[in-house]
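Commentary on secondary and tertiary structure
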Amino acid sequence: MKYKAGEYEVIVIGGGHAGCEAALASARMGCRTLLLTLNIDNIALMPCNPAVGGPAKGHLVREVDALGGEIGINTDQTLIQVRLLNTGKGPAVRAIRAQCDKKFYQRKMILTLESQENLTVKEAVVEKIISRGDKVRGVITRNGAEFKTQTLVLTTGTYLRGKIIVGDIKYSGGPSGQQAAVKLTDSLKDLGLEVGRFKTGTPPRVDRRTVDFKKMKEQPGDTKPLRFSFMSEGIIRPNVSCWLTNTNKKTHEIIRSNLHRAPLFSGTIEGIGPRYCPSIEDKVVRFEDKESHQVFLEPEGMDTYEMYVQGMSTSLPEDVQQQMLRSINGMENVTIMRTGYAIEYDIIWPVQLHPTLETKNIKGLFTAGQINGTSGYEEAAAQGILAGINAALVVKEKEKLVIKRSEAYIGVLVDDLVTKGIEEPYRMLTSRAEYRLLLRHDNADERLTELGWKIGLASKERMERFFKKKKIIKRELQRLSTFKIKPGNKSLNEMLVKRGTAPLKKVITAAELLKRPEISYRDLKNCMDDWPDLDPEIEFQVETEIKYEGYIKKQKEQVERFQKLEDKKLPDWDYMQLEGLSREAQEKLNKIRPISLGQASRISGVSPADINVLLILLEKRKRSGSVP
Amino acid sequence: MHDGETIAAISTPLGEGGIGIVRISGNDAIKLLKKVAKPYRKKNWEECRSHSLHNAYIVDKDNEVVDEVLISIMRAPKSFTGEDVVEINCHGGIVAVSKTLEVVIAAGARLAEAGEFTKRAFLNGRIDLAQAESVIDVIRAKTNTGLKVALKQLEGHLSQKIKVLKEKLLEILIQMEAGIDFPEDEVPYLSPDEAKRKLKEIAVSLKELIDDAGRGRIIREGIKAVIIGKPNVGKSSLLNALLNENRALVTEIPGTTRDVIEEVINIKGIPLRIIDTAGIRKTENLVEELGVEKTRSSIEEAAIILFMLDATTDWTEQDEIIARELIDKEVLVLVNKIDVQNSQEISNGKQYFKESEFIYISAKEGMGIKDLENAIIKRIMGGKVVSPENLIITKARHLKIIKDAYNHVNEAISALQKGFTDDLVCIDVKAAWLLLGKITGETVEEDMIDRIFEEFCIGK
C-alpha cells in the first residue's frame, strides 16, 4: 500500500561518505533534509581500508573540511594512527593519512547526523524515483512510503544491483554482507540515464591473535598530533601501529595454480575494475617478474581483533584465500574472519551531469560518489558535499556552485568526471591537477572557507579561525621580508655551513635567507632570539609561500590565463545547428553541453579551431543580442 | 584566445617571384622591430608615424642579414586588426620569408593561429557582424587544409627524434609522479643526480634540433614529390622533362644518398623536390625493389606521388604491386609513352584511382608536361597537398615549441641543482613533455596516468 509519508526540500538516498556530507551540507544550509539508508547501523561504513587520506585524497578531505564538511572532523576524532606522507617530495604533495577505528567512525558520524538540525534519518529501501516532466518529485520505498521532495541526491555507492563474487560463488548483495538495492537502476533507466557497470574488491580480514608480528616490520604512526580539520585542536588520540610483510614465491605459486578458479580471469566478472587497486591475482599476472608484493596489516579498530590485509584484495575462492595468506611470513597460522570478495555494481556515466553534479535531463536530481564511477571515501565525500550544497542552492533559488580546477581538487575531480568522462573507477591523483602548487593541503581553508561561509555552510567559528590564521600568516610574511639578519650571527653561520650552504657575508632579510632550499623556517627559528612561536602548520605555510614564490607566481599567472576561458560562459546552444564547427565537435558539445569555453576546450575532439569559432559566435551573439 | 599577445604569420600565399608578407599584430608589434629590423637610415621605430613605409634589413640574432625588406607600420586602432600592425614585405623568396618569420618569433611574437588576424579584427570591431560567418570560414578553411598535410611531411625525421625525446621525458615524469601519488608503494627511486643526468641528455638533443632547424634545412627541401613506376617506364625521362621546363633551384643536395636521385624544381614559384626512385638498386625482382626501405619511406613522406604507367604494355602485375602501396596517398597517375603508335588507354587498375587522376604524357617528347604541372599546382592550391606557406608555418611552430621545451628542461635541471623537491621539478618536466606532444600531436595527459599504472605495480 502506498501512503504519503511527508515532504522535504532535499532527500539524500544512501548513508555512505557521499550521502553523509550531502545530507549534512543541505541541512546546515537550512533545508529540510531526509536521509534514507538501507541500514542505519551501516551509515559511514568503511567497507575497504579503515583509512582516510593520502596524496590527493588527503587534499580532498581538507577541502571538504574547509567548506564546512564532516569527514575531516570525524576522522580526527576517531583516528588511531596518523602519518604525514611525502615530506621529502615538496610542499604541494604533502598529505596526511590516518587509520581509523572503523566502528567508532560510524558511531560518531551517526550521532552527528542524528543531532543535526533540519535532518531526519530513516531506514528504507528506495525502489522508485518519481518525476514530473523534467523535474524530480519524490521517491517511493519498498514499504510503500511516498516522500515528496524538491531535490534528490543519489549516493548509492556499490549497492545498485550489487553482486558479490568469491570464486565461483556469486550472489546479490552490498558490501560487508548487506542487501543490495535491486530495483532502483530500472527507475534510473526510466528517467533516461545511461547506466554502466563497474567492479571493485576488498581483501580478507584476519584475527590479529593468529598473526606473528615478530616476523613483520612495525609501522608506527607519527608522534606529532597531525589533524585533517582546521577545527580540530587539542584532540588526543591513540597511536596504534600497522605491520608490513610480503608475499613470496610460494604465495604466487598458489595464486598461479588457481588462476582457473579466479573470477577475474574466468569471465565471471563483467564490471570494469580499477587499475590502481588491483587484486593480488591481477598483480601476480601483470607483474610476472615481481617476486614479492607488500602486504600491510591495518587495525580495524581499538575494540576488535580484526585486521585489514592491505595489498591482498582478491576474489579467489575462499580455500585459496586461506592458502595464500598462510604462505605469507608471519601469517602461517592466520585465521580469516571475513573473506575477500569482488563486488559489481551499477553506475551512471558521469558525462550526463553538469559540473554542479545535477543530472542534465532531470532537474533537481543530483548524484555523488561511487554511482558517478569514482572510488574512495574522500572522492565520495567531496562530491557529496558539492551535491548537497547545490541541492540546497536549488531549493533557495540561488546560483549553483561550480568549483574550478584552479580552486580545488574537488574542481579537478568533478570537471574530469563531467567533461572527460571515465572508463574505469576514478581515483583522485595529484598528477591530475594542473595547478598542484596552488592546491596544497595547508591552504585549503584559504581557497574555500570564505566560499563555504558565503553559501551558508561554514560556521562563523570556522570563519573566525580562518581569518585569525590568515592574519598571522600575513603578519609573519611581512615581518620576514623586512627582518634584517646581520652576517655576524655565529650560531646562524654554523647552521648554514652544516646545511651545506654559504655563511652570510652581508646583511640579508630573513625572507631572502629562507629562499635557500637548504634552509627551513625551523632552522632559522632555532638560531634566532625573539622569534615568534607559531603553529607548525602556519610555519610551514609561511615557509612555502616564501621559498616557492617564483613557482607560485608562475602558476598564478597560468591560472589567470586559464580563467579567461572559464569566464566565457556558453549559452544552451544546439551545436548541431551551429556552422563552422567540426562534426565531432558538434556531437561532443551537444552531449557534454559545457558551461564555459574553458570546459569546452577540455573535451576531447574539440579543437582550438572549434574554440575560436565558438568565440566568434559568442561575440556575434553579444553584438546582435540574439541566438544564432 | 584574444589575449593581447603579439602574433605573427605569413599573410600572403607564396607564389611566383617569392614575394611574401610577414604580418605582426599586437601591443609589441612595433616594439619588437628594434630587435629584428635595421633601417637604412637610423630611426626609432616606436616614433614612426602610423601608415608609414620604411626600407630596412631584417637581421637575425647574430646580426646577419636575412633579407632586404619594406616595412609598413599601422597603429591601433586604424589597422586591419585594430591593434598595432607591422607588415614586412620580403623579396628574397620563400627561404627569406620563412627566416623572417622565425626571427620575428624569436623576438617574442607568437605564431598566429589559423584565421587569428581576422578573428582579432572581428573582436575589435573592425569587421562588422555581417562578416562574422566569413571569419569562421577562414578559421575553418585554414585549419582543415594544408596544416595537417604539412605536419605529415615534416614529420619524417623530426617526429622520430621528438618521439624518442618525449618518451625519455615521460620516463622521468612517471617515476616522479608515481612516487608522489603512491608514496607507500614500491616505486623505484629516481635520484636527483640520475634525473639531472637524463635531463641533460635531453637538453643536448633538443639543442641539436634547434640548431638544425636554424640552418634552414627543413624548408630548403621543398615539397616532396616522388616518381614511382616499374623499370623502364620512363621515370628518368620525366625528371629530365621537368628539369628542362623549369629552372632548377638546386642541382645537388648535400647529404642525399646515391641511391635516390633528387632534384628541386620550381613550378610557378613553388619549390618541388622531385625524388626519382629509378635510382634505387636495379633489380629484376620488383617485389624486392619495393621492399626496399627507402622506397617505402619515400612514399610515406611524399606529399604527392607521380605514379607512371606504360601505355604500350597496359596494366601489369608490377603496376598492381605498386598500386597497392599507394592506397590512401595523394597520387597522380601518369600514362607515359602516348607518342608510341600502338599505345593504349590503360583500362585495368582504374579501380585504384579516380578518373581525374589520370594524365597522359610523353616524357620523351615533352607532351602533357604542362598538364602535369597544372595538376600539381591545383592540388597544392586546393589544400590537398602541402603548400610552402603551410610548410613554413609548421616549421616555425615546431621550432618555437622545441625552444620552449628546451627552456623547460633547463628549468628542471636548474631546480634539481638548487635541491628543489620533485613536485617543483615535475612542473617543468611535464611542461616540456606536453609541448613536444604538440608536435607529434598525440599527447594526452591521461597517457601519463596510463603509463604509471602500466609500469609500476601500484595500489592496495
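Everything below is about the structure shown above.
Quick caveat, the model's predicted, so the values are computed rather than measured. (Residues numbered from 1 in each chain as written. Chains lettered and ligands numbered in written order. Predicted model: local features only at pLDDT ≥ 70, side-chain atom pairs only at ≥ 80, totals over all residues.)

Once that is clear, we can look at the overall build of chain A. Within chain A, the regular secondary structure consists of 21 helices and 22 strands. For chain A, whose C-alpha radius of gyration is 26 Å, the value lies close to the compact-globule estimate of 25 Å for 628 residues. Projected onto its principal axes, the C-alpha coordinates of chain A cover approximately 85 × 80 × 50 Å. Counting over 628 residues, chain A shows a buried share of 53%. Long-range contacts, defined as pairs at least 24 residues apart, comprise 72% of the intrachain contacts of chain A with a sequence gap of at least 6. (Helix = DSSP H or I, 4+ residues; strand = E, 2+ residues; numbered from the N terminus. Rg over C-alpha atoms; globule rule 2.2 N^0.38 Å. Buried ≥ 20, exposed ≤ 12 C-beta atoms within 10 Å, placed from the backbone. Contact = placed C-beta atoms within 7 Å.)

If you look at the interface, chain A gives 45 residues, while chain B gives 36 residues. Per element, the largest residue contribution to the side of chain A that touches chain B is 9 residues, and it comes from helix α21 (residues 608-624) of chain A. Residue composition of the side of chain A that touches chain B, grouped by class: 19 nonpolar, 14 polar and 12 charged. (Nonpolar A, V, L, I, M, F, W, Y, C, P; charged D, E, K, R; others polar.)

Residue and element names in this part refer to chain A. Read from one edge to the other, the open sheet built from 6 strands follows the order β14-β15-β16-β17-β13-β18, with strand pairing classed as antiparallel. The open sheet is flanked by β14 (217-219) and β18 (336-338), the only strands paired with a single partner. Averaged over all adjacent pairs, the angle separating strand axes in this sheet is 35°, with direction ignored. As judged from the 3 bridges shared by β14 and strand β15 (residues 242-246), these two strands associate in the antiparallel manner. Bridge pairing links E218 to W243 in β15. (Pairing = 2+ DSSP bridges. Axes fitted to C-alpha atoms, helices over the stretch in contact; angles between N-to-C directions.)

Bringing helix α14 (residues 422-440) of chain B into the picture now. Taking 1.5 Å of rise per residue, 19 residues should cover 27 Å, and α14(B) covers 27 Å from first to last C-alpha, within 8% of that figure. With 15 of 19 residues buried, α14(B) lies mostly within the body of the structure. (Expected span 1.5 Å × (residues − 1).)

Now for the nonpolar core. The biggest cluster of nonpolar side chains holds 250 residues, and the ones touching the most others in it are A8(B) and V104(B). The greatest single-element share of this core, amounting to 13 residues, is contributed by helix α10 (residues 377-395) of chain A. Among all residues touching A8(B), those that are not within four sequence positions of it are V22(B), R23(B), I24(B), L101(B), V104(B), I105(B), A109(B), L111(B) and A112(B). Of all hydrophobic cores here, the second largest spans 36 residues; its members include L238(B), I304(B), M308(B) and I376(B). (Core = buried A, V, L, I, M, F, W, Y, C linked by C-beta atoms within 7 Å.)

Our next topic: unusual backbone geometry. Cis peptide bonds are those with omega within 30 degrees of zero, and the linkage from A76(B) to P77(B) qualifies with 0°. Tracing the chain through its elements places P77(B) in the loop between β5 (65-74) and β6 (85-90). Here the phi dihedral of S176(A) falls at roughly 50°; this positive angle occurs in a residue that is not glycine. For S176(A), the position within the fold is in the loop between β11 (169-172) and α5 (184-190). The phi torsion at R593(A) lies on the positive side, around 45°, for a residue other than glycine. Along the polypeptide, R593(A) turns up in the loop between α19 (583-592) and α20 (597-601).

Take the environment of L496(A) next. Residue and element names in this part refer to chain A. By the element assignment, L496 lies in helix α14 (residues 490-498). For the pair formed by L496 and R516, sequence separation is 20 residues and the distance between their alpha carbons is 9.9 Å. Those residues in contact with L496, other than ones at most four positions away along the chain, are T501, A502 and P503.

Residues and elements named next belong to chain A. Where α10 contacts helix α11 (residues 409-420), the two axes come as close as 10 Å, and the packing angle between them is 90°. Compared by their axis directions, α10 and α11 come out roughly perpendicular. Each of E379, A382, Q383 and L386 in α10 lies in contact with α11, whose residues at this interface are I410, L413 and V414. Tallied by class, the residues present in the contact of α10 with α11 amount to 5 nonpolar, 1 polar and 1 charged. (Parallel < 35°, antiparallel > 145°, perpendicular 65-115°, else oblique.)

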